[in-house]
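# Tertiary structure, described
Residue-level listing of the chains:
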Amino acid sequence: MILIPDVWWPAALLALVLFVDAAMSVRPPKFISDCLDGVNFPRDWWWILVVIKTLAVVGLIVGIWVPGVAFSANVGVIVYFCSAAAAHVRARNTGQAFWMNCLGMLLLSVAVLVLSLAL
């Protein structure tokens, strides 16, 4: 297994999307706060999501040059969005935010992992 991606742009794209997501989560717009409220995620803990996403961004970028780091960060992002999907299903909050945001990000994360390993 190659632990440094031959193609850097999928990891960089995912890092950019997560960076924007983390930046928006600092002062969440209505669709993000509705999503978090919909799964009953405590407001006192919303800050941790910004930290997790920021660490993922750093890992994805550093991993372009350091073996194994982008792979590990990418797997962590997939676990994060699988957990988010499970929270949505558990709370029976499977509206547009679930399909577009949660599963969309999960699909992007899986696609980046597959592209990083396949190319």
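I will try to describe carefully the structure that is included in this document. (Residues numbered from 1 in each chain as written. Predicted model: local features only at pLDDT ≥ 70, side-chain atom pairs only at ≥ 80, totals over all residues. Heavy atoms only, no water.)

## Digging into helix H2 (residues 30-38)
When H2 is considered as a whole, its buried residues turn out to be Ile-32, Ser-33, Cys-35 and Leu-36. The buried residues of H2 occupy an angular sector of 155 degrees when the element is viewed end-on, so they sit on one face. Looking one or two places after H2, you find Asn-40, whose phi comes out positive at around 60 degrees. (Buried < 20%, exposed > 50% of the residue type's maximum accessible area, 1.4 Å probe, protein only. Helix = DSSP H or I, 4+ residues; strand = E, 2+ residues; numbered from the N terminus. Arc of directions from axis to C-beta.)

## With respect to the packing of helix H1 (residues 9-26) against helix H3 (residues 46-62)
The interhelical angle for the contact between H1 and H3, taken along N-to-C directions, is 160 degrees, at an axis separation of 9 Å. Of the possible angle classes, the one that applies to H1 and H3 is roughly antiparallel. H1 and H3 meet at a crossing whose hand is left-handed. Residues Ala-11, Ala-12, Leu-14, Ala-15, Leu-18, Phe-19, Asp-21, Ala-22, Ser-25 and Val-26 of H1 pack against Val-50, Lys-53, Thr-54, Ala-56, Val-57, Leu-60 and Ile-61 of H3. (Axes fitted to C-alpha atoms, helices over the stretch in contact; angles between N-to-C directions. Parallel < 35°, antiparallel > 145°, perpendicular 65-115°, else oblique. Left-handed = near helix turned anticlockwise from the far one by under 90°. Contact = heavy atoms within 4.5 Å.)

## Here we look at unusual backbone geometry
At Asn-40, a residue that is not glycine, the phi angle is positive and equals roughly 60 degrees. With respect to the secondary-structure elements, Asn-40 resides in the loop between H2 and H3. Unlike most non-glycine residues, Arg-92 shows phi in positive territory, near 55 degrees. Mapping Arg-92 onto the fold places it in the loop between helix H4 (69-90) and helix H5 (96-118).

## Section: H3
The terminal C-alpha atoms of H3 lie 25 Å apart, and with 17 residues this matches the ideal 24 Å at 1.5 Å per residue to within 8%. Of all the positions in H3, only Trp-46, Leu-49, Val-50, Lys-53, Ala-56, Val-57, Gly-59 and Leu-60 are classed as buried. (Expected span 1.5 Å × (residues − 1).)

## As for the pattern of salt bridges
One pass over the full model with this rule turns up 3 salt bridges. A salt bridge links Asp-34 to Lys-30; its shortest N-O distance comes to 2.9 Å. In this pair, Asp-34 and Lys-30 both sit in helix H2, 4 residues apart, roughly one turn of the helix. For Lys-30, a relative accessible area of 60% translates into the label exposed. Asp-37 is the salt-bridge partner of Arg-43, the closest N and O atoms lying 2.8 Å from each other. (Salt bridge = Lys/Arg side-chain N within 4 Å of Asp/Glu carboxyl O.)

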